[in-house]
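Per-entry structural report
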Amino acid sequence: MEGEAAPPNILAASKAGYVLSNVAEVVERILTFVPTKTLFRIASVCRLWRNCARRVLRTQQRLTWLSATGSSMYQEHVLFRTMAEDLQNIYMLPQIALLMVDGENFNGPVSFRHKKARKCEDEVESDPVEKLRCLLPSSCDILGLVAPGIVVTPSGLPSSPPQEHEEGEAGYSLLFPAMDGVSIRPFHFCKKSLSETTMEEAGLINNPDLKVVLLFDYETYKPGGGRFLNTLLEPLSQSNVLIVGGQVERVFSSDVTCCSPGSFGAVGLTFSGSRIQGASVLVEQDVSSSKAAEATIQRLKAANIPERNTIGFMFACVGRGHNSYNNQRNVEANAFRKIFSNVPLLGFFGNGEIGCDRIVKENYTLSETDAEGLQHSFTTVMSLVHFG
């Protein structure tokens, strides 16, 4: 009937529609509660929503990790099945993905062997990099490591107790977004590609802003491998840079064609920028009680590193774990959790460790060492890396 007032529900709907179509502050606030994948779909609705979604994306600068343990019902590793589900619900856009999986249950490439451009369906399904390309943004760099054992903190709250999986199916994916004031660069070197030029391109040398290097070598027990690793570590050992990592069984990554099957090499990430902080301690071979392990890890507190947006890394020898603690399991991970209750701990059990005691002071002065002093066996390197 003409002149009759509109029902209250229609008035409410029209007011809500007006606000969602015109008030950017309200739309932007609502979009902060929307997972990133859904955010991209929402951005196509209108120009206002697209601009709001872009601003929200720029604020999502917190690290995210996804982890999985147990047995997958499928042929692929349990981590890949978990990622396919959990990536739908994350609140950031990954720029770099660092994955670590156990070697016993992972069926992947033995090396960086070049793949043909065209693959049959079965080949694509069995290639972990191709699988990850389907799950992650096309612009995301992928760095995958395979090790004998895995250290994970369950997905979710940083305060979840970390777990040392010396055997069994386990893995995690550490996802790095774009962060203001932080530069992260992946690198890969083999005996064909290691040079001063490529090290500079990776940010490893002649980079005054370099703060932390995660470094992982593979097959370096072969002839020439030790010399190769020393060449890589020598310039780093003479700088105020935190270097941590270890030896893994094999790697899988984005397209790299320089390696021949079975050759040795090293991969990793460089972290540069004034917002980066890092410190590490070395749990020596003779540490064999939970009290002694806790005392060693406690020294990381001297670095005064904030726990927010910080990751703990544990790189242990495959010969440690319960073998060093009278068959007690999870000793070092439990000690870390006791001291750093809100920092997720990730890492692996490998065939050698890279790192040393380096406690950062106010002027970022680190303890001195050399290339050989960074390489160990039957130890654990425990470290913190903060991203501002």
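Residues numbered from 1 in each chain as written. Predicted model: local features only at pLDDT ≥ 70, side-chain atom pairs only at ≥ 80, totals over all residues. Heavy atoms only, no water.

Points about the nonpolar core
Membership of the largest hydrophobic core comes to 38 residues, with the highest contact counts inside it found for Leu 145 and Phe 176. Residues in contact with Leu 145, not counting those within four places in the same chain, are Leu 98, Leu 99, Met 100, Val 101, Phe 216, Val 248, Arg 250, Val 251, Phe 252, Val 267 and Phe 348. In this structure, Ile 297, Ala 303, Met 382 and Leu 384 belong to the second largest nonpolar core, which totals 25 residues. (Core = buried A, V, L, I, M, F, W, Y, C linked by side-chain atoms within 4.5 Å. Buried < 20%, exposed > 50% of the residue type's maximum accessible area, 1.4 Å probe, protein only. Contact = heavy atoms within 4.5 Å.)

A look at the packing of helix H2 (residues 24–31) against helix H4 (residues 47–59)
The geometry of H2 relative to H4 is characterised by a closest axis approach of 9 Å and an angle of 50° between their N-to-C directions. Between H2 and H4, the angle is such that the two are oblique. Judged by the twist between their axes, the crossing of H2 over H4 is right-handed. Listed contacts from H4 to Ala 24, Val 27, Glu 28 and Leu 31 of H2 are Leu 48, Trp 49, Cys 52, Ala 53, Arg 55 and Val 56. Here the residues of the contact of H2 with H4 sort into eight nonpolar, no polar and two charged. (Axes fitted to C-alpha atoms, helices over the stretch in contact; angles between N-to-C directions. Helix = DSSP H or I, 4+ residues; strand = E, 2+ residues; numbered from the N terminus. Parallel < 35°, antiparallel > 145°, perpendicular 65-115°, else oblique. Left-handed = near helix turned anticlockwise from the far one by under 90°. Nonpolar A, V, L, I, M, F, W, Y, C, P; charged D, E, K, R; others polar.)

Some points on unusual backbone geometry
Most peptide bonds are trans, and most residues other than glycine sit at a negative phi. With a phi close to 50°, Asn 326 is a non-glycine residue in the positive phi region. Even without being glycine, Asn 327 reaches a positive phi, approximately 70°. Assignment of secondary structure puts Asn 327 in the loop between strand E13 (310–317) and helix H11 (331–339). Owing to a relative accessible area of 56%, Asn 327 belongs among the exposed residues under this scheme.

Points about the pattern of salt bridges
A side chain with one charge may pair with a side chain of the opposite charge, provided their charged atoms come close. The final tally for this structure, using the stated rule, is 10 salt bridges. When the shortest N-O distance is used, the salt bridge between Arg 133 and Glu 130 registers 2.8 Å. In this pair, Arg 133 and Glu 130 both sit in helix H7 (residues 128–135), three residues apart, roughly one turn of the helix. Assessed through its relative accessible area of 33%, Arg 133 is described here as partly exposed. Salt-bridge contacts for Lys 301 lead to Glu 307; the nearest nitrogen and oxygen are separated by 3.8 Å. Given a relative accessible area of 22%, Glu 307 falls into the partly exposed group. Salt bridges sharing common partners tie together Glu 166, Glu 167 and Arg 329. (Salt bridge = Lys/Arg side-chain N within 4 Å of Asp/Glu carboxyl O.)

Thoughts on the environment of Gly 245
Along the chain, Gly 245 turns up in strand E9 (residues 242–248). In this structure Gly 245 comes out as buried when scored by relative accessible area, which is 0%. Separated by 107 residues in the primary sequence, Gly 245 and Gly 352 have C-alpha atoms spaced 8.7 Å apart. The residues touching Gly 245, leaving out its near neighbours within four places in the chain, are Leu 215, Phe 216, Phe 315, Glu 353 and Ile 354.

Some words on the sheet that holds strand E1 (residues 64–69)
If you walk across this open sheet you meet the five strands as E1-E6-E2-E3-E10, and the pairing is mixed. Since the sheet does not close on itself, it has two edges, and those belong to E1 and strand E10 (250–253), each with one partner. Taking each pair of neighbouring strands and ignoring which way they run, the sheet shows an average axis angle of 15°. Two strands pair when backbone bridges link them, and strand E3 (residues 141–147) and E10 are joined in this way by four bridges, in the antiparallel orientation. Bridge pairing links Leu 143 to Ser 253 in E10. Contacting E1, strand E2 (96–102) and strand E6 (170–176), helix H5 (residues 78–86) runs over the sheet at an angle of about 135° to E1. Against the sheet, H7 makes contact with E2, E3 and E10, and its axis sits at roughly 40° relative to E10, the strand it touches most. (Pairing = 2+ DSSP bridges.)

Observations concerning the side chain of Thr 220
Mapped onto the secondary structure, Thr 220 falls in the loop between strand E8 (210–218) and helix H9 (225–237). Exposure remark for Thr 220: the relative accessible area of 8% places this residue in the buried category. Looking at Thr 220, its side chain comes within polar contact range of the side chain of Asp 217, at 2.5 Å. (Polar contact = N/O pair within 3.5 Å; in protein donor to acceptor, adjacent residues only side chain to side chain.)

Topic: a nonpolar patch on the surface
A cluster of nonpolar side chains, contributed by Leu 20, Val 26 and Ile 30, occupies part of the molecular surface with about 200 Å² of accessible area. Taking relative accessible area as the criterion, Leu 20 reaches 31% and is therefore assigned partly exposed. (Patch = residues over 30% accessible without salt bridge, like charges linked within 9 Å, V, L, I, M, F, W, Y side chains within 5 Å. Areas by Shrake-Rupley, 256 points an atom, 1.4 Å probe, with all protein chains shown as cover.)

Re the environment of Val 251
Mapped onto the fold, Val 251 is located in strand E10. Between the C-alpha atoms of Val 251 and Gly 144, which are 107 residues apart in sequence, the distance is 5.5 Å.

Remember that the coordinates give geometry; whether it matters functionally is a separate question.
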